[in-house]
Amino acid sequence: MQRLLIIHTPDADLKDIAEGIKEGAESKGFRVDIKNTNDVGNGVSFYPYDLILAGSPTKGIFRGKIDESLSSFLSEAKRTVGKDAVAYVKPRFFATNKALKKVMAALESQGCIVKNFKAIKNHQSAVEFGKNIKI
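1. Description of the side chain of Asn 36
Working step 1: Considering the arrangement of structural elements, one finds Asn 36 in strand S2 (residues 31-36).
Working step 2: Within the local environment of Asn 36, its side chain forms a polar contact with the backbone nitrogen of Asn 38, the two atoms lying 2.8 Å apart.
Working step 3: Not counting residues up to four positions away in its chain, the partners in contact with Asn 36 are His 8, Thr 9, Pro 10 and Phe 73.

2. Let's talk about the pairing of strand S3 (residues 51-57)
Working step 1: The buried count for S3 comes to seven of seven residues, which makes it a mostly enclosed element.
Working step 2: Residues of S3 alternate between two faces, with Leu 51, Leu 53, Gly 55 and Pro 57 on one and Ile 52, Ala 54 and Ser 56 on the opposite face, all of them buried.
Working step 3: Where strand S1 (residues 3-8) and S3 come together, four bridges link them in parallel fashion. For Leu 5, the partnering residue across the bridge sits in S3 and is Ile 52.
Working step 4: As judged from the six bridges shared by S3 and strand S4 (residues 84-90), these two strands associate in the parallel manner. Within the sheet, the bridge partner assigned to Ile 52 lies in S4 and is Ala 85.

Procedures and definitions
- Throughout this document, residue positions are counted from 1 along each chain, in the order its sequence is written.
- Local features in this predicted model are restricted to residues of pLDDT 70 or higher, and side-chain atom pairs are both shown and tallied only at a pLDDT of 80 or more, whereas totals for entire chains, interfaces and linings draw on every residue.
- As a convention, hydrogens and water are excluded, and side-chain values are obtained from all of the structure's heavy atoms.
- Strands here are runs of E lasting at least two residues and helices are runs of H or I lasting at least four, both read from the DSSP assignment and numbered beginning at the N terminus.
- Counted as a polar contact is a pair of N or O atoms within 3.5 Å, where, for protein atoms, one must be capable of donating a hydrogen and the other of accepting one, and residues adjacent in sequence contribute only when both atoms are in side chains.
- Contacts were defined at the residue level, with two residues in contact if any of their heavy atoms lie within 4.5 Å.
- Categorising residues by exposure relies on relative accessible area from a 1.4 Å probe, with only protein chains included: less than 20% of the type maximum marks a residue as buried, more than 50% marks it as exposed, and the intermediate range marks it as partly exposed.
- DSSP calls a pair of strands paired once it identifies at least 2 bridges connecting them.

Written out as structure tokens, the structure is:
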């Protein structure tokens, strides 16, 4: 059974999106764990996972900032090099693409290989995205 790790920031909308991705992926037979970026400490190991999904809300209207807790969480993660990853954001106006690039850069700075990226608006579109995940 293939395993996914979904990482989300403490934002309530991101938690809902992460749970939607989990719902969709589990319906296709994936085993899924979810981690909140507030769950920092010794750092999570990416070793047991086949795919890492990391997300943040898009902050700002133009600059596309992301939640700082995501970068902190990723910097504490272990066994990240060479892991396949997906970046996702909750879209916001004109800043969505910039935010996606920042999430991708945060993953790549840890040695992950970003295979896909997506702006996900709500729970239902997250479920559909989860159903279409391919490793």
